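# A structural walkthrough
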Amino acid sequence: MATRLVQINMKAHDDAALGRFWAEALGWGIDSEGPGVTNLEPVGFTYPGPTAVCIDLIARPEPKTVKNRVHLDLATTSTAHQEELVARLKSLGATLVDVGQGDVPWTVMADPEGNEFCVLEPRPVYRGTGPIAAVVVDCTDPREMARFWGEAMDWTLHEVTDDGAAMRSAEGVGPYLEFIRTPDTKSGWNRVHLDVRPYPGDDPAAEAGRLRSLGATDPGVDQSAIHWTILADPEGNEFCLLTPA
């Protein structure tokens, strides 16, 4: 058994408005499952697939109070493209933010609800990823996170160091999942988290048990009214194990 990363879940005060921002930012299509839920995926994409990690925006009233532990890095193809993308994102409502990054070649921004993301300088490794270069998770121990997620999913591990780790779909397409060592620690419930999905025919209960055996824990929330399973990785980052598809 194994899972694969299919989407990120992002809490929003106004899911429809934030969905419009990200759809414009990425050039993706927008859909809705109903009030309070907005789905984004590439136009013509067949979900789930390895070429993209989709975005689900869920309406929640809680305010954002700390820097997100999970964010997106956007890819660019040239310095001019990076400058053009930053300017376009500003016109859509994004702002420049300082998270202590110092003098770096990438640009740190926040969407209209304050969710941080980066517009990267052109890097050959991200050619062909699509607009999202990587989904990035802050952590204290990249090696342990790579160990857990490398066993939790069937993605290929590309790099592991004390400072960071990176993996990508075994098919070598789509964005990377990266774990970056940061000095700050997790505080409160993550407003952005990973959603993983087993393959058709897999037993969700057995997969949840396997993930627990690898180091996942139960975050202690009432799950009686949902048909998926909420777990936390070894550093306490919540993630959802969806039903097979």
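Now for a description of the structure that goes with this document. Quantities reported herein were computed from a predicted structural model and do not represent experimental measurements. (Residues numbered from 1 in each chain as written. Predicted model: local features only at pLDDT ≥ 70, side-chain atom pairs only at ≥ 80, totals over all residues. Heavy atoms only, no water.)

## Focus on the overall build of the protein chain
Secondary structure assignment for the protein chain yields four helices and 15 strands. Against the compact-globule benchmark of 18 Å for 245 residues, the protein chain has a radius of gyration of 17 Å, which places it among compact chains. Seen along its three principal axes, the alpha-carbon backbone of the protein chain occupies a region of about 50 × 45 × 35 Å. Across the 245 residues of the protein chain, 47% fall into the buried class. A separation threshold of at least 6 residues defines the contact pool for the protein chain, and within that pool the share at least 24 residues apart is 63%. The positive charge centre, built from 20 side chains, and the negative charge centre, built from 37, are 1 Å apart in the protein chain. (Helix = DSSP H or I, 4+ residues; strand = E, 2+ residues; numbered from the N terminus. Rg over C-alpha atoms; globule rule 2.2 N^0.38 Å. Buried < 20%, exposed > 50% of the residue type's maximum accessible area, 1.4 Å probe, protein only. Contact = heavy atoms within 4.5 Å. Lys, Arg positive; Asp, Glu negative; His and termini not counted. Charge placed at Lys NZ, Arg CZ, Asp CG, Glu CD.)

## Comments concerning the sheet that holds strand S13 (residues 192-198)
With respect to topology, seven strands assemble into an open sheet ordered S2-S3-S4-S1-S13-S15-S14, the strand pairing being mixed. The open sheet is flanked by strand S2 (29-34) and strand S14 (229-232), the only strands paired with a single partner. Strand-to-strand twist across the sheet, computed as the mean angle between neighbouring axes with direction ignored, equals 30°. With six bridges connecting them, strand S1 (residues 3-12) and strand S4 (residues 54-59) associate as parallel partners. What sits directly across from Lys-11, in S4, is Ile-58. (Pairing = 2+ DSSP bridges. Axes fitted to C-alpha atoms, helices over the stretch in contact; angles between N-to-C directions.)

## Focus on helix H4 (residues 204-214)
For an α-helix, the turn length of 3.6 residues means that residues three or four places apart are oriented alike. Inspection of H4 places Glu-207, Ala-208, Arg-210, Leu-211 and Leu-214 among the buried residues, and these make up the whole buried set. Relative to the axis of H4, the buried residues are bounded by an arc of 160° and lie together on one face. Within H4, the exposed residues directed more than 90 degrees away from the buried face are Ala-205 and Ser-213. Of the surrounding elements, those touching the buried residues of H4 are S1, helix H3 (142-152), S13, S14 and strand S15 (238-241). Following H4 by one or two positions, Gly-215 adopts a phi angle in the positive range, close to 125°. (Arc of directions from axis to C-beta.)

## Overview of unusual backbone geometry
The omega torsion of the bond from Tyr-47 to Pro-48 falls at -10°, within 30 degrees of zero and hence cis. Tracing the chain through its elements places Pro-48 in the loop between strand S3 (37-41) and S4.

## Quick notes on the packing of H3 against H4
The geometry of H3 relative to H4 is characterised by a closest axis approach of 10 Å and an angle of 160° between their N-to-C directions. Viewed along their axes, H3 and H4 adopt a mutual orientation that is roughly antiparallel. At the point where H3 passes H4, the crossing takes the right-handed sense. On H4, the residues touching Arg-147, Phe-148, Glu-151 and Ala-152 of H3 are Glu-207, Arg-210, Leu-211 and Leu-214. (Parallel < 35°, antiparallel > 145°, perpendicular 65-115°, else oblique. Left-handed = near helix turned anticlockwise from the far one by under 90°.)

## Some words on the pattern of salt bridges
Inspection of every chain in the model, using the stated rule, returns 12 salt bridges. The partner of Lys-67 in a salt bridge is Asp-138, and the shortest N-O contact between them spans 2.5 Å. Here Lys-67 is found in the loop between S4 and strand S5 (70-74), whereas its partner Asp-138 is found in strand S9 (residues 132-139), with 71 residues between them in sequence. Owing to a relative accessible area of 2%, Asp-138 belongs among the buried residues under this scheme. For the salt bridge of Asp-184 with Arg-69, the shortest nitrogen-to-oxygen distance reads 3.2 Å. Highlighted residues: Asp-184 in the loop between strand S12 (176-181) and S13 and Arg-69 in the loop between S4 and S5, separated in sequence by 115 residues. Each of Glu-144, Arg-147 and Glu-151 takes part in a single network of salt bridges with overlapping partners. (Salt bridge = Lys/Arg side-chain N within 4 Å of Asp/Glu carboxyl O.)

## Observations regarding the packing of helix H1 (residues 15-26) against helix H2 (residues 79-92)
The packing of two helices is summarised by the inter-axis angle and the distance between the axes. Here H1 crosses H2 at 160°, and the two axes come no closer than 10 Å. The orientation of H1 with respect to H2, classified from their angle, is roughly antiparallel. Crossing handedness for the pair H1 and H2: right-handed. Contact residues: H1 offers Phe-21, Glu-24 and Ala-25, while H2 offers Arg-88, Leu-89 and Leu-92. Taken together, the residues that form the contact of H1 with H2 break down as four nonpolar, no polar and two charged. (Nonpolar A, V, L, I, M, F, W, Y, C, P; charged D, E, K, R; others polar.)

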